[in-house]
Amino acid sequence: MEIESYSRQMKALSQRSNKSALQDEINFCRGEIMVRMDHYTHGTGSTYEKYGDVSREEKKVAIKVFESFGGHSWKEKFGWTGQSKTSVRPALKAYEAEAGLFDGINASRLSGTSYILNGFELTNNGCEGNIPDKMSDLSFLKNFNVNYNNLNGPIPSDLGNCERLEFINASGNLLCGELREDFLSNFQTLRTLDLSFNKMEGTLPDAFGTLSKMQDLNLAGNSFSGVLPESMSVLTNLRQLKLYSNELTGDLPVYLSRMDKLLELNLSQNKYVMLYCIVLYIFYFIVKYIRSGY
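Keep in mind it's a predicted model, so treat the numbers as computed, not measured.

A. Expanded view of the pairing of strand β9 (residues 199-203). Residues of β9 alternate between two faces, with Met200 and Gly202 buried on one and Lys199, Glu201 and Thr203 left unburied on the opposite face. Bridge analysis of strand β7 (residues 174-177) against β9 gives two bridges, and the strand direction is parallel. By the bridge assignment, Gly177 is partnered in β9 with Met200. Relative to strand β11 (residues 223-226), β9 runs parallel, the two being bridged by three bridges. Considered in β11, the bridge of Gly202 is made with Phe224.

B. Region of interest: the sheet that holds strand β5 (residues 150-153). Ordered in space as β3-β5-β7-β9-β11-β13, the six strands form an open sheet in which the pairing is parallel. Every interior strand has two partners, whereas the edge strands, β3 (128-130) and β13 (247-248), have only one.

C. Inspection of the nonpolar core at higher detail. Counting residues in hydrophobic clusters, the biggest one holds 61 residues, and the most contacted among them are Phe69, Phe120, Met135, Phe144, Leu179 and Leu217. For this core, the elements supplying multiple residues, two or more each, are α3 (56-68), β1 (105-111), β2 (114-121) and α4 (181-184). If we skip the residues at most four places from it in the chain, Phe69 touches Trp74, Leu122, Gly126, Cys127, Glu128, Asn130, Ile131, Pro132, Phe144, Val146 and Leu151.

D. Looking closely at the packing of aromatic side chains. All chains considered together, the criterion is met by four aromatic pairs. Between Phe66 and Trp74 the ring centres are 5.0 Å apart and the planes differ by 75°, which places this aromatic pair in the edge-to-face class. Like Phe66, the residue Trp74 is buried in the burial classification. Between Phe183 and Phe187, the aromatic rings sit 5.4 Å apart at their centres with planes inclined by 85°, giving edge-to-face as the arrangement. With respect to class, Phe183 is no different from Phe187; both count as buried.

E. Local environment of the environment of Met232. Structurally, the position occupied by Met232 is in the loop between β11 and β12 (240-242). Along the backbone, Met232 and Gly209 are 23 residues apart, and their C-alpha atoms lie at a distance of 6.9 Å.

Reading guide: rules and limits
- Residues numbered from 1 in each chain as written.
- Predicted model: local features only at pLDDT ≥ 70, side-chain atom pairs only at ≥ 80, totals over all residues.
- Heavy atoms only, no water.
- Buried < 20%, exposed > 50% of the residue type's maximum accessible area, 1.4 Å probe, protein only.
- Helix = DSSP H or I, 4+ residues; strand = E, 2+ residues; numbered from the N terminus.
- Pairing = 2+ DSSP bridges.
- Core = buried A, V, L, I, M, F, W, Y, C linked by side-chain atoms within 4.5 Å.
- Contact = heavy atoms within 4.5 Å.
- Phe/Tyr/Trp six-rings, centres within 6.5 Å; stacked < 30°, edge-to-face > 60°.

Below, the structure written as C-alpha cells:
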C-alpha cells in the first residue's frame, strides 16, 4: 500500500506548476517507490504489479461503512488512515490508497486494472454502530462478515439488494428488529446466513422461497416467535439448520424429513413442540444413520 501512496504523491507533486521547487520531494517519492518495489520483489519472488482501485461509488460505500462502524476505534485499520514521511504532505488524506489494500476489505480484478469490492472481513474488529444504507451500491459484494462486534440497530433491507451475496455472518452482535421479508426476498445466491445471538425478534417471514441455494442457516439465540414458515420447504440444500434458544411454537413441519442433505438440526430450547414431532425428529436421524451405511 505504501508503494501506491508514494505513487500518488509523486503524481500530485509532478502536476504542480513550480516543479523545480518540489523536485526533491518528487525524487524522494521515486526513491521510496524503487526501494519498496525491490523489497517486494525479493520478499515475494514476484514482480510488483500496481493494485487497481475499486470504483468511486464502491469507495464511497466503503468509507461510509468505516464511518458507521466507528472505524477509528477498529483493532485493525491499516490503509484507512495513511501516513507520509514527506515534508510537503506530513499526513496522507484518509482513504487515498487503493481500497483493496485496506484492512477488512476484499477486492478482486474485474478486468485490466479495474477491481471490484466483493467482501468485508471484519470479524472481532471492534466495530460498533449501525449497518449503513446504500449497501446495494456494492453490486459485486459476495461476503459480509461482521461477526463478534458491537453492531446494533436493524438490518437494513437495502442489504438484501446485493443480489450476488453468498455469505452473511453477523452473529454475536446487538442487532435488533425483525427479519424482514424484503430483506430475504431478493436473494438467489445466498449460501450462508448467520444472525445468531443477537436481539432480533418477531415471526420468521414466509420469504425463503428464493433461497434454494442456502446451505447454512443459523438464527439461534434470538427471540423469534411463531411457527416455521412453509417457504422453508425449498431449502433442500441445507446442511445446517440452527434455530435453538428462540420462542418458536407449533409442530415440526413434515418438510424437514425431506431435507436429505441436512447434517445438523437443532430446534431445542423453544416454547412448544408436540410429542409426535419429537418422535419424527428422532426417526429422521435414525433413517439418515441407516442410509449412511452405519
